[in-house]
Structures are given as C-alpha cells and as structure tokens.
Amino acid sequence: MLISKWTEIEDMKTVWEIINNDVIQTTRRRTSGRKQAIDKIVDKLIQDPDFSARLQAKDPRNTIAQHVRVWIDYLEGKGPKPRKK
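Residues numbered from 1 in each chain as written. Predicted model: local features only at pLDDT ≥ 70, side-chain atom pairs only at ≥ 80, totals over all residues. Heavy atoms only, no water.

Draft legend 1. Up close: the overall build of the protein. Along the backbone of the protein there are four helices and zero strands. Counting from the amino terminus, the protein carries its helices and strands in the arrangement α-α-α-α. Its C-alpha atoms give the protein a radius of gyration of 12 Å, near enough to 12 Å, the size a compact globule of 85 residues would have. The C-alpha extent of the protein, read off along each of the three principal axes, is 30 × 25 × 20 Å. Looking at the protein residue by residue over its 85 residues, the buried ones come to 31%. Contacts spanning at least 24 positions in sequence make up 59% of the contacts within the protein whose residues lie at least 6 apart. Counting only carbon and sulfur atoms, one obtains 53% of the accessible surface of the protein, whose full area is about 6100 Å². Each charge class in the protein was averaged separately, 18 positive and 12 negative side chains, and the resulting centres sit 6 Å apart. (Helix = DSSP H or I, 4+ residues; strand = E, 2+ residues; numbered from the N terminus. Rg over C-alpha atoms; globule rule 2.2 N^0.38 Å. Buried < 20%, exposed > 50% of the residue type's maximum accessible area, 1.4 Å probe, protein only. Contact = heavy atoms within 4.5 Å. Areas by Shrake-Rupley, 256 points an atom, 1.4 Å probe, with all protein chains shown as cover. Lys, Arg positive; Asp, Glu negative; His and termini not counted. Charge placed at Lys NZ, Arg CZ, Asp CG, Glu CD.)

Draft legend 2. The arrangement of the nonpolar core in detail. Counting 15 residues, the largest nonpolar core has Ile18, Ile64 and Val68 as its most contacted members. At the level of secondary structure, the elements contributing two or more residues to this core comprise helix 1 (8–20), helix 3 (32–46) and helix 4 (60–75). If we ignore the near neighbours within four places in the chain, the residues touching Ile18 are Val23, Ile24, Ile41, Val68, Trp71, Ile72 and Leu75. (Core = buried A, V, L, I, M, F, W, Y, C linked by side-chain atoms within 4.5 Å.)

Draft legend 3. Summary view of helix 4. With 16 residues, helix 4 extends 23 Å from end C-alpha to end C-alpha; this agrees with the ideal 22 Å at 1.5 Å per step. Where helix 4 is concerned, the buried positions are Pro60, Ile64, Ala65, His67, Val68, Trp71 and Ile72. The arc that holds the buried residues of helix 4, viewed along the axis, is 160°, so those residues lie on one side. Those residues of helix 4 that are buried are in contact with helix 1, helix 2 (23–26) and helix 3. Immediately beyond the C-terminal end of helix 4, within one or two residues, lies Gly77, with a positive phi of roughly 80°. (Expected span 1.5 Å × (residues − 1). Arc of directions from axis to C-beta.)

Structure (structure tokens):
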C-alpha cells in the first residue's frame, strides 16, 4: 500500500468542503446520505487544479473519497488525525 503525502492546500479544501456541505450535521455514518454527500465533495475536488496530482492514482475518485472519509472520522472524533509525513 502506497501512502502519499497530502498537501496542506488539499487538506484545507477537503475540510472546507466537509464543513461547507454540513456533512457531519446533516448525515449519519454508514448511510446512503453520507455516501452521496462524500460523492458530491469528490466530484467538486476532482475538478480542482490543486488535486491534479491525485488524478495519477489508479482510482482517483476512491483516493479522494478515502481522504474525505478520514477527515470526517477525525472531525467526528472517531479516528486519528490524518498523518503528515
């Protein structure tokens, strides 16, 4: 498994989209509503030029979605803060 370093800009934009879309307040873990909210965020971030390096991944949508889920878990107090290398 390859663990890549996410930039501060990618992290900030990811957290901003989570907060801006009220994902934590309006959806519950492991529901279709949460999945739809994450998909909406991924759709927006995948078009952002700051995420162009993520397009090189085998499955860019899944890579970004995983990063969004890790941040949501952290913000909900359910997981550790995403690692910085």
